[in-house]
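# Observations on the three-dimensional arrangement
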Amino acid sequence: QDAKGLAVYTDSKNLPTAIASILSHAQNRANFHPARLTPEQLAVYFQDYISEIDSVPFFGLLKNVNSKSKYKSKDYNKLIDQVVNLYDGVSAEDKNGIKNSIADMAKSVFSKESKEDWKNIFSQATIDLSNPSQPRLFIYYTTLHMKYERRKAEVKLQEFSVNKTEYAILSELIAANAERLLSIDKKRVSDWLGESTSKERNNAKLCFTPEPVKLA
């Protein structure tokens, strides 16, 4: 939105912009820039990012859950489906975007022909405004690992760990601190999303396409 000044933080219709601005500020403080850094660099700075989020007074921690699974399967979609099914508060459309993002990450790593297996992270932040009186922020940190035979491009082992953290967004506190928040750069949600999306390696290819989530 094009809101300016105090209205960014005091007008409820601008809450997404306010949240995006606060999250962007936390990312800058932690040097956590998914669109510019390599997956290896992101892994280093991610914990600093979470520490910054935890220190933000406008987000109240509600829940922190970790889920893990390990199995042998040649079906890439099985891994992706299990990961995405753990993402609460996310629409079918957004889940399809997450599936594609995980696949893009795989493209990046599979293009490194010298590797026989890969382990990487995928971070996703979701703002849930489905209940305007109880806005939520979900941050997912997913570690994926695949071991495969390079010549066959065939998976021998798949495993994942998904850490889900849920925060209450304290919108009234944001509004009460609007003047203080004017000192940080305003960030539109679309701009924040662009800067928070991991980059894909050019010309990388993957031997599968994620199956889309079907709308109920």
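Just so it is clear, the model here is predicted, and its values are computed rather than measured.

Next up on the list: the confidence of the model for the protein. This prediction gives the protein a mean pLDDT of 78; 75% of its residues lie at or above 70. Across the protein, element-level confidence peaks in helix H6 (residues 171-176) with a mean pLDDT of 96 and bottoms out in helix H5 (residues 92-110) with 69. Below a pLDDT of 50 lies the segment residues 200-216, which in the model reaches 33 contacts outside its immediate sequence neighbourhood of four places, other chains included.

A rise of 1.5 Å per residue sets the reference length of helix H2 (residues 15-30), with its 16 residues, at 22 Å; its end C-alpha atoms lie 23 Å apart and thus fit the reference within 8%. The complete set of buried residues in H2 reads Leu15, Thr17, Ala18, Ile19, Ala20, Ser21, Ile22, Leu23, Ser24, Ala26, Gln27 and Ala30. Immediately beyond the C-terminal end of H2, within one or two residues, lies asparagine 31, with a positive phi of roughly 60°.

In this structure, Tyr49, Phe59, Ile139 and Ile174 are the most contacted members of the largest nonpolar core, which totals 31 residues. At the level of secondary structure, the elements contributing two or more residues to this core comprise helix H1 (7-10), H2, helix H3 (39-55), strand E3 (136-149), strand E4 (154-169) and helix H7 (178-181). No other element matches the eight residues that H2 contributes to this core. Among residues more than four places away in sequence, those in contact with tyrosine 49 are Leu23, Ala26, Gln27, Ala30, Phe32 and Ile139. Leu79, Phe122, Phe138 and Tyr140 belong to the second largest nonpolar core, which has 15 residues in total.

Parameters at a glance
- Residues numbered from 1 in each chain as written.
- Predicted model: local features only at pLDDT ≥ 70, side-chain atom pairs only at ≥ 80, totals over all residues.
- Heavy atoms only, no water.
- pLDDT = per-residue confidence, 0-100.
- Helix = DSSP H or I, 4+ residues; strand = E, 2+ residues; numbered from the N terminus.
- Contact = heavy atoms within 4.5 Å.
- Expected span 1.5 Å × (residues − 1).
- Buried < 20%, exposed > 50% of the residue type's maximum accessible area, 1.4 Å probe, protein only.
- Core = buried A, V, L, I, M, F, W, Y, C linked by side-chain atoms within 4.5 Å.

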